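Examination of the molecular architecture
Residues per chain, in single letters:
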Amino acid sequence: MQPKANIVHLPVYQPGKPVDDVKRELGLTEVIKLASNENPFGSSPKAMEAIAREVENISIYPDGAAVELTSALSSYHGVNPDQIIFGAGSDEIILMIARAFLVPGDETIMADQTFPQYKHNAQIENAVILEVPLKEGTHDLFSMLERVTDKTKVVWVCNPNNPTGTINNADEVEWFLSKVPGHVLVVLDEAYCEYIDDTSFPDGIKLLQKYPNVVLLRTFSKIYGLASLRIGYGIGRPDVIRSINQVREPFNTSRFAQAAALAALNDEEFIAKCREANKIGLAYFNNSFAELGLDAFPAYGNFIMVDVKRSGQEVFDALLRKGIIVRAGHKLYPTHIRITVGSQEQNEKVIAALTAVLQEIAVKV
Ligand SMILES: Cc1ncc(COP(=O)(O)O)c(C=O)c1O
């Protein structure tokens with residue numbers, strides 16, 4: 001038996017260590033995980049109630065077309081129902097886009113340090129991957145445009161970018177879209193957009209009305225706090241969404257996910273509370289890093305990437321021993337760590353631990 005030649009070298013996804021394993025192995029009673037950009041405030045109580053109500057239908061397949069949720073989101077965003085598609089997380093929409101649009105030899109363009117699933121899924125389809133260096137941690141849309149050829153099928157723009165947290169503003173994105181030829185699908189991954197109230201951030205829905213080759217990715221995993229339920233969505237022109245729908249598995253989002261997403265969407269109070277707390281958390285991190293003499297990329301999502309001026313991996317290990325899990329190991333940023341914004345109490349513990357760790361580890365020159 002031979003698997004596809006282009007997948008044999010692919011790594012199997014390594015999930016972060018579960019909190020309980022870290023506690024047991026290091027003999028700790030408290031562990032704070034700020035490694036996966038989850039919502040530190042959990043989810044809307046309304047979403048939990050919706051799940052409880054759905055339990056009695058556990059033996060019945062979900063609505064494959066997610067009609068009720070589609071209808072709610074179409075009103076929410078002012079788009080038609082046939083412009084929306086759901087996935088088991090936006091991860092699955094990325095997979096479906098690669099499956100629907102890329103054949104071996106097609107070119108696909110992305111930043112050189114961005115959300116890894118774009119590359120992973122393009123590799124599975126045996127597409128030619130062009131990785132364009134970030135400029136000061138931000139997508140260099142000018143250079144990305146320069147790489148577009150007749151063979152380019154999909155360009156991925158992660159806005160805010162994971163892991164750097166930076167954004168491309170509305171003028172930059174609009175300029176890029178006005179120049180990209182119509183045969184190229186531009187995926188604007190806006191997984192963290194609900195956290196942003198900066199008016200320079202592009203309005204993806206408006207862009208979609210003007211540029212038919214755009215698809216937006218959104219998720220219920222971040223500000224809505226439903227990461228475990230696996231539900232995200234794409235918004236695009238009906239023909240693009242139809243193509244993605246053609247490769248979708250029949251029941252790819254569960255009853256629980258659909259019911260919780262519907263309830264979460266309607267709990268604006270919870271969302272506003274999370275957005276405000278995140279803003280306060282980011283300001284706290286920025287001030288603390290400045291006091292510690294560390295530089296961070298401008299952060300717009302619910303995470304921040306800071307240059308600890310030492311091996312990021314060593315700082316990660318030392319923080320782990322103190323019961324704090326962050327993210328390191330970014331190949332182009334070996335002295336950076338990425339930290340999810342937690343509750344204020346968690347943030348203060350991170351800064352206290354980081355302050356101590358910086359004393360222990362020598363600066364890398
Ligand atoms: C930029 C970006 N896109 C997509 C995802 C996938 O999210 P999900 O599959 O949980 O919707 C993530 C998750 O971290 C992300 O950071």
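Reading the values: the criteria
Residues numbered from 1 in each chain as written. Predicted model: local features only at pLDDT ≥ 70, side-chain atom pairs only at ≥ 80, totals over all residues. Heavy atoms only, no water. UniProt positions renumbered as here; feature names shortened; annotations may be inferred. Helix = DSSP H or I, 4+ residues; strand = E, 2+ residues; numbered from the N terminus. Buried < 20%, exposed > 50% of the residue type's maximum accessible area, 1.4 Å probe, protein only. Contact = heavy atoms within 4.5 Å. Polar contact = N/O pair within 3.5 Å; in protein donor to acceptor, adjacent residues only side chain to side chain. Domains from an automatic or database assignment. Buried area = accessible area lost by both parts, 1.4 Å probe. Salt bridge = Lys/Arg side-chain N within 4 Å of Asp/Glu carboxyl O.

Per an unreviewed UniProt entry, the recorded name for the chain is Histidinol-phosphate aminotransferase, and the organism is Cohnella silvisoli. Per UniProt, the comment on the chain under Catalytic activity (unreviewed entry) is "L-histidinol phosphate + 2-oxoglutarate = 3-(imidazol-4-yl)-2-oxopropyl phosphate + L-glutamate".

Focus: the overall build of the chain
Within the chain, the regular secondary structure consists of 13 helices and 12 strands. The principal-axis extent of the C-alpha atoms belonging to the chain is close to 55 × 55 × 55 Å. Put simply, the chain has 365 residues, and 53% of those count as buried. For the chain, contacts bridging at least 24 residues in sequence account for 75% of all contacts bridging at least 6.

As for the environment of Asp267
Tracing the backbone through its elements, the reader meets Asp267 in the loop between helix 10 (255-265) and helix 11 (268-291). Judged by relative accessible area, which is 7%, Asp267 ranks as buried. With 53 residues separating them in the primary sequence, Asp267 and Val214 have C-alpha atoms 28 Å apart. Setting aside anything within four residues of it in sequence, one finds Asp267 in contact with Ser44, Pro45 and Lys46. A polar side-chain atom of Asp267 sits 2.6 Å from a polar atom in the side chain of Ser44. Polar side-chain contacts of Asp267 include one of 3.2 Å to the backbone nitrogen of Phe270.

Section: the domain arrangement of the chain
Here the chain is partitioned into domain 1 (5-30 + 269-360) and domain 2 (45-265). Computed from C-alpha coordinates alone, the two centres of domain 1 and domain 2 are separated by 25 Å. Counting from both sides, the interface comprises 24 residues of domain 1 and, opposite them, 28 residues of domain 2. Summed over both partners, the interface of domain 1 with domain 2 comes to about 2,200 Å²; 60% of that surface belongs to carbon and sulfur atoms. Summed over the shared surface of domain 1 and domain 2, the number is one salt bridge.

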